[in-house]
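As a plain string of letters, each chain reads:
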Amino acid sequence: MEPPSASPRAGRGPWQELLLAVSLLTSWNPLTTAQVTVESVPPNAAEGKDALLRVLNLPGDTAGLTWFRGEIVAPVHQIVLYVVDTRVIVPGPAYSGREIIYPNGSLLFQNITLKDTGSYILQIINQKFETALVPGQLRVFPELHKPSITSNNSNPVENVDSVVLTCESQTQSTSCLWSVNSKSLPDSPRLELSLDNRTLTVHGVTRNDTGPYECETRNPVSADRSDPFTLNVLYGPDTPTISPPDSYYRLGANLSLSCRTASNPPAQYSWLINGRPQPSTQELFIPNITAKNSGSYTCSVYNNATRLNKTTVKTITVSEPVSQPLLTASNTTVTKDDSVVLTCSSNNTGVSIQWFFNGQILTLTDRMKLSQDNSTLTIDPVRKEDAGKYQCEVSNPVSSNKSDPVRLDVEDDSTEQSSGLPPGAIAGIVIGVVAGVAVIAALVYLQYFRKTGGASDLRDVTEHKPSASNHSQDQSDNLSNKIEEVAYSSLNFNVQEPKKSTSASSSPAATETVYSEVQKK
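Within each chain, residue numbers correspond to sequence positions counted from 1 in written order. Two thresholds apply to this predicted model, a pLDDT of at least 70 for residue-level local features and 80 or more for giving and counting side-chain atom pairs, whereas whole-chain, interface and lining totals are computed over all residues. For the side-chain quantities, the full set of heavy atoms in the structure was used; hydrogens and water were omitted.

### Concerning the side chain of Thr201
Part 1: For Thr201, the position within the fold is in strand β17 (residues 199–202).
Part 2: A relative accessible area of 14% places Thr201 in the buried class.
Part 3: Every residue pair with non-hydrogen atoms within 4.5 Å of one another is taken to be in contact. Beyond its immediate stretch of four places on either side in the chain, Thr201 contacts Val163, Val164, Arg190, Leu191 and Glu192. Under the scheme used here, helices are H or I runs from DSSP no shorter than 4 residues and strands are E runs no shorter than 2 residues, and both carry numbers assigned from the N terminus. Categorising residues by exposure relies on relative accessible area from a 1.4 Å probe, with only protein chains included: less than 20% of the type maximum marks a residue as buried, more than 50% marks it as exposed, and the intermediate range marks it as partly exposed.

What follows is the structure, given as C-alpha cells:
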C-alpha cells in the first residue's frame, strides 16, 4: 500500500479547521461502526520491522480520520489527522515521523520499536459530523540473540556437589526451554527448574549428568538456542579390574596383566607383587614365569582431584603340566559277582581325577564307589556290563593327562553254579568214570574167555588151528571195538552231564570195590 501523495500540513481551510475541532470533541452524535474493525499486521511485530494497523469496512461517507496513541482521545495523544476530500494530513503531538496514514484510514509504522507496543484509537468523522471510535493494538517483540549457559561450579564432584545452570539472555521477556543430550529434561527429583525456567539446578550431580545441556529462548517473533554446555563431573576411581581373568598359568609362560578403572581425571596406577612395589604403570609384564612368580598381585588406583583410591588383589598360581597317570587293577579278569579295585596313581600333587569308561565319562552306579580323592574306584559286585576299557585322567588348572586304558573282562560262572562243585571235584568225577569203564571192559573180557574155554584153550587153538585162531581173533577184535564204544560213550555222557556231588564222590569207592572183586576172581 503506497502512502498518500498529499504532504502533511499542505494547507488548512475552514473545512479542515472544523474537522479538527470536531475530532477533539470527546462526545458527539455517534455513528454506527459495527462493521469497522482495526487489525494488526502482523499480529506480533518484530522490533525494527514494519507493522500496519489496518482499517476494515470504512464507511463511504467518512469525512475525516484521526489516530490517537493510548486509550484516551486527547490532543496530546493525537498522531495524525486525515481529511478525506482534500487528502490533507495534519500531524499531531504524538507523531514520530515514522507513521504513514492511508486514504482507507490504515496506519503504517516504519522501523517499529518496543515503545510502539500498546493501544491505539481510530476516530471516524462522517459528513454529518458524527463520530465513532475504533480501538487497535500493536504487539512488538525484540529479535532474540543466542543465549548462553553459565554454571556456578565448573568441576563438581560426583555425589558431593550440586550445580546451578543459568540460561543467560539479553532479553528478559522471553520463555526458556531446557534440554539435555538433545532430549527434553527427564522427570527426576534431582532436577529443579526456577519459576521463570531461567535456572536449572542439578542436585547430587553424578557422572551421568555431564550433558551436554542446551537452553532455548523464545518469544512470539523469534527463537534461538545456546551452544551445548558440558559439565566436567569429577568422579572415581571405581574399584579397578585386572585382566585377563585367568588365575592359573603354565610354567614358562608369559604373564601380562592390565589394570582398568573409571575415573575423571584419569587415575594413577601402581602395582604390588606379594607386597613388593613395582613400577607405576597400568600394564604389568613378566616373561618366562616360574613357581616363584606365584602369589598376590595388587593394583592400586588414585584420583588426585577427588582424593579417592581403590585397590584390587588377584592371586596368580604357576603350575607344571601334569604327567601321565598309571592305572592298575586288582584283577583284570574277574567272575561275575566278584569285586575289583582300580587305582589311579599320579606323580603330581593337587590334581583332580576323572574316570572314563569306554572313552566316555564314567557314570557311577550304586555298585561303584570312589575314594575321597577319587584315586580308587571299587566295583562290588561286578556285572557283565562292567566289562570294558577303563581310564583315569588327572588335571590341574593348566593341563590334563589320561592314563593308558586297562581292560576289565568279566567271565560268566554258570557252569560252576550248575554243578555246585569246585574244579577239583569235577576232575575226580571224570577220572572215576573212566576207571569204572575200564573195569567193566575187563570183566566183559574175562567172562567171554570163560565161555570159550579159557586162555589156555585159546592158546592151543592159536598154535594148532590157524584158521580157527584167525576166526577167534576177529571175534576178539569185534569185542574190543564194542568195549571201546561202550567206554567212550560212557565217558562222553559223564563229561556232558556230570552227576551230582554225592554220586560223583561214591564213584571212586564203587570203582575200587569192582576192582577188588576182579582180583579175587
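### Brief notes about the pattern of salt bridges
Charged atoms that come close allow side chains of opposite charge to pair.
Part 1: A pairing counts as a salt bridge when a side-chain nitrogen of Lys or Arg comes within 4 Å of a carboxyl oxygen of Asp or Glu. One pass over the structure, following the stated rule, counts 16 salt bridges.
Part 2: Residues Asp337 and Arg383 are paired through a salt bridge, measuring 2.4 Å at the closest nitrogen-oxygen approach. On the criterion of sequence distance, the pair formed by Asp337 in the loop between β29 (333–335) and β30 (340–345) and Arg383 in the loop between β34 (376–379) and β35 (388–396) is long-range, its members being 46 residues apart.
Part 3: Using a relative accessible area of 26% as the deciding quantity, one classes Arg383 as partly exposed.
Part 4: We note a salt bridge from Asp409 to Arg407, for which the minimum N-O separation is 3.2 Å.
Part 5: Linked by salt bridges that have partners in common, Arg69, Arg98, Glu99 and Asp116 make up one network.

### Here's the deal with the sheet that holds strand β16 (residues 191–193)
Part 1: Pairing between strands requires that DSSP locate at least two bridges from one strand to the other. Spatial strand order, β12-β13-β17-β16: 4 strands in an open sheet with antiparallel pairing. The sheet is open, and its two borders are formed by β12 (148–151) and β16, each paired with just one other strand. With direction set aside, neighbouring strand axes in the sheet form an average angle of 20 degrees.
Part 2: Strand direction decides the pairing type here: β12 and strand β13 (residues 163–168), joined by 4 bridges, are antiparallel. The residue bridging Thr150 from the neighbouring strand is Thr166, located in β13. Axis angles are defined between N-to-C directions and span 0 to 180 degrees, where every axis is a line fitted to C-alpha atoms and, for a helix, only to the segment in contact.

### Structural notes on the sheet that holds strand β15 (residues 183–184)
Part 1: In space, the 4 strands of this open sheet follow the order β15-β14-β18-β19, with antiparallel pairing throughout. A single partner strand is all that each edge strand has here, and the edge strands are β15 and β19 (222–225).
Part 2: Relative to strand β18 (residues 213–219), strand β14 (residues 175–180) is paired through 6 bridges, and the arrangement is antiparallel. By the bridge assignment for β18, Cys176 is matched with Thr217.

### Side note on the confidence of the model for the chain
Part 1: In the predicted model, the chain carries a mean pLDDT of 81, and 73% of its residues have values of at least 70.
Part 2: What pLDDT expresses is the predictor's confidence in each residue, scored from 0 to 100. Confidence drops under a pLDDT of 50 for residues 5–12, and excluding neighbours within four residues, the segment shows 12 contacts in the predicted structure.

### What about the packing of aromatic side chains?
Think of a pair of aromatic rings as described by two things: how far the centres are apart, and how the planes are tilted against each other in angle.
Part 1: Aromatic pairing here means that ring centres of Phe, Tyr or Trp (its six-membered ring) are within 6.5 Å. Orientation follows from the plane angle: under 30 degrees is stacked, over 60 is edge-to-face, and everything else is tilted. Inspection of every chain in the model, using the stated rule, returns 2 aromatic pairs.
Part 2: Centre to centre, the rings of Phe109 and Tyr120 are 5.2 Å apart; their planes meet at 65 degrees, and the pair counts as edge-to-face. With Phe109 in strand β8 (residues 107–109) and Tyr120 in strand β9 (residues 118–126), the pair connects residues that are 11 residues apart, well separated along the chain.
Part 3: Given a relative accessible area of 0%, Phe109 falls into the buried group.
Part 4: With relative accessibility at 1%, the residue Tyr120 sits in the buried group.

### What to know about the pairing of strand β25 (residues 283–286)
Part 1: Where burial is concerned, the two faces of β25 differ: the one with Leu284 and Ile286 is buried and the one with Glu283 and Phe285 is not.
Part 2: Where strand β22 (residues 255–260) lies against β25, 4 bridges are found, and the strand directions are antiparallel. In the strand pairing of β25, Ser256 is matched with Phe285.

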